[in-house]
Amino acid sequence: MRLSDFDYELPSDLIAQQPLAERDASRMLVVDRATQTWTDGHFRDFASYPQPNDVVVVNNSRVIPARLKGKREETGGQVEIFLVRELEPKVWEALVRPGGRLKRGAKVSFNKSSFIAEIMDEPGAELRQVRFYCEASFEELLREVGSTPLPPYIKRISDEDRERYQTVYSKHRGAIAAPTAGLHFTPAVLAEIETRAALAEVTLHVGYGTFEPVRVDDVDQHSVSAERFEISESAAAKINDARQRRGRIIVVGTTTMRALESSATDEGVIIAGRGEAKLTIKPGYRFRAADALLTNFHLPQSSLLILVSAFAGRELVLRAYHHAVKDRYRFYSYGDCMLIL
């Protein structure tokens, strides 16, 4: 398949620039794979879909303030460092702008005199290696200096995003983007789900792989970068129990999907533990764990749209997207969602 097979037209005014006042007020397009049809609904109805013996699985990763703005010590020029992946304590892979001008050994200072970043490699690679020097706690300085790494299509700056761009069940710090399908949930929705079905939490720290552009025209040649995940013994037990009881595994978000499919055996048994999600899910992939998927609307020609198309079928997904555009759904991170059954 070609990358152009996963394209669609989206008016820019449908890209949600801010969250709704109430998390669970989003619209929800419910897509039925069996009948190849869809219905328009609302996320507040989501809790009515899980049935006894089902399990709803969410990603409890928490977004870190990964965007840092500082000044080059030699010239005073502005530098942005976007943290991508921790290699070791205080050493990160990062997107650096302007990366081509910063040679090995260049230093960047922030508004804390004792907080300095040093570029550890020469220009060339998209991701640079950066070492941080600080006397105080790196995590505390990151909270003071860093900002919420909103996607570039959201044109706003607001302190509200520090919590609004987190799920209400976020726990484990390490993501550089929110698992956005989870942004719709409220404590009340979660409580209602638990009166009907089981709820399990896994952790996948959303990394560069989730939003890295697809740079090849032949989709089969694309590979998504690895992301760290962890599935506890208790979460694996809940998921495997649902499978044994012939219940459904209802996956919240493509990142949760990637964690589960990376840990599943050929028989669909989830293996607890830590690992790296290295899967690149494309049409033709045989899903071993997931039975249903809640997901937001994704960018054209993105690896996430390709994953959703693998789960529901490219033609059905694109027809549903065209309907969502025509019916003026809100798109992307702060937008509406789609439940695929």
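The structure we're discussing is the one just above.
Note that the structure is a prediction, hence the values are computed from the model and not measured. (Residues numbered from 1 in each chain as written. Predicted model: local features only at pLDDT ≥ 70, side-chain atom pairs only at ≥ 80, totals over all residues. Heavy atoms only, no water.)

Q: Tell me about the overall build of the protein, and please be specific about residues and values.
A: On a plain count of helices and strands, the protein comes out with eight helices and 17 strands. Expected size for 341 residues packed as a compact globule is a radius of gyration near 20 Å; at 20 Å, the protein falls within 12% of this value. Oriented by its inertia axes, the alpha-carbon framework of the protein measures out at about 65 × 45 × 40 Å. Across the 341 residues in the protein, those meeting the buried criterion constitute 54%. In the protein, once contacts between residues fewer than 6 apart in sequence are set aside, the share between residues at least 24 apart is 71%. Accessible surface computed for the protein: about 15,300 Å², of which carbon and sulfur atoms make up 47%. (Helix = DSSP H or I, 4+ residues; strand = E, 2+ residues; numbered from the N terminus. Rg over C-alpha atoms; globule rule 2.2 N^0.38 Å. Buried < 20%, exposed > 50% of the residue type's maximum accessible area, 1.4 Å probe, protein only. Contact = heavy atoms within 4.5 Å. Areas by Shrake-Rupley, 256 points an atom, 1.4 Å probe, with all protein chains shown as cover.)

Q: Tell me about the sheet that holds strand β13 (residues 227-231), residues and numbers included.
A: Strand order in the open sheet made by the nine strands is β2-β1-β17-β16-β14-β3-β12-β13-β15, with mixed pairing throughout. For this open sheet the edge positions go to β2 (37-42) and β15 (273-277), each flanked by a neighbour on one side alone. The average angle at which neighbouring strand axes cross in this sheet is 25°, direction not considered. Across the sheet, helix α6 (residues 254-263) touches β3 (55-59), β12 (198-204), β13, β14 (249-252), β15 and β16 (292-296), and the angle it forms with β13 is around 70°. Sitting on the sheet, helix α7 (residues 303-312) touches β16 and β17 (337-340), and the angle it makes with β16 is about 150°. (Pairing = 2+ DSSP bridges. Axes fitted to C-alpha atoms, helices over the stretch in contact; angles between N-to-C directions.)

Q: Quick one: what's the story with the pattern of salt bridges, residue by residue and with numbers?
A: For the structure shown, the criterion picks out 24 salt bridges. Here Arg-243 and Asp-291 are joined by a salt bridge, their closest N and O atoms 3.0 Å apart. Within this pair, whereas Arg-243 is found in helix α5 (residues 233-244), its partner Asp-291 is found in the loop between β15 and β16, the two being separated by 48 residues in sequence. Take Arg-243: its relative accessible area is 26%, and that puts it in the partly exposed class. Salt bridges sharing partners connect three or more residues here, namely Glu-261, Asp-266, Arg-286 and Arg-288. (Salt bridge = Lys/Arg side-chain N within 4 Å of Asp/Glu carboxyl O.)

Q: Give me the lowdown on the sheet that holds strand β10 (residues 127-133), citing residues and values where you can.
A: Strand order in the closed barrel formed by six strands is β5-β6-β7-β10-β9-β8, with antiparallel pairing between adjacent strands. Ignoring which end each strand starts from, the neighbouring axes of this sheet average 45° apart. Of the pairings in the sheet, the one linking strand β5 (residues 67-72) to strand β6 (residues 78-88) comprises five bridges and is antiparallel in character. Bridge pairing links Gly-70 to Val-79 in β6. In this fold helix α1 (residues 138-145) packs onto β5, β6, β7 (91-97) and β10, with an angle of close to 85° to the strand it touches most, β5.

Q: Tell me about the packing of aromatic side chains, and name the residues and values.
A: One pass over the structure, following the stated rule, counts 20 aromatic pairs. When the ring of Tyr-8 is compared with that of Phe-331, the centres are 6.0 Å apart and the planes differ by 35°; the resulting orientation is tilted. You can see Tyr-8 sitting in the segment before β1 (27-32) and its partner Phe-331 sitting in the loop between α8 (314-326) and β17, a full 323 residues away along the chain. Since its relative accessible area comes to 0%, Phe-331 is described here as buried. When the centroid spacing of 5.5 Å and the interplanar angle of 10° are considered together, the rings of Phe-43 and Phe-46 count as stacked. Phe-46 sits in the buried class, given a relative accessible area of 0%. (Phe/Tyr/Trp six-rings, centres within 6.5 Å; stacked < 30°, edge-to-face > 60°.)

Q: Please provide a residue-by-residue account of the nonpolar core, values included.
A: Of all hydrophobic cores here, the largest spans 65 residues; its most connected members are Met-257, Leu-260 and Phe-331. A total of seven residues in this core trace back to one element, the largest contributor, which is α7. Not counting residues up to four positions away in its chain, the partners in contact with Met-257 are Val-251, Ile-281, Phe-287, Ala-290, Leu-293, Leu-307 and Phe-311. With 29 residues, the next largest nonpolar core counts Ile-64, Leu-68, Val-84 and Ile-119 among its residues. (Core = buried A, V, L, I, M, F, W, Y, C linked by side-chain atoms within 4.5 Å.)

Q: Help me get a handle on the packing of α7 against α8, residues and values and all.
A: One way to put it is that α7 packs onto α8 with a least axis distance of 7 Å and a crossing angle of 115°. Where α7 abuts α8, its residues Leu-305, Val-308, Ser-309 and Ala-312 lie against Arg-314, Leu-316, Val-317 and Tyr-321.

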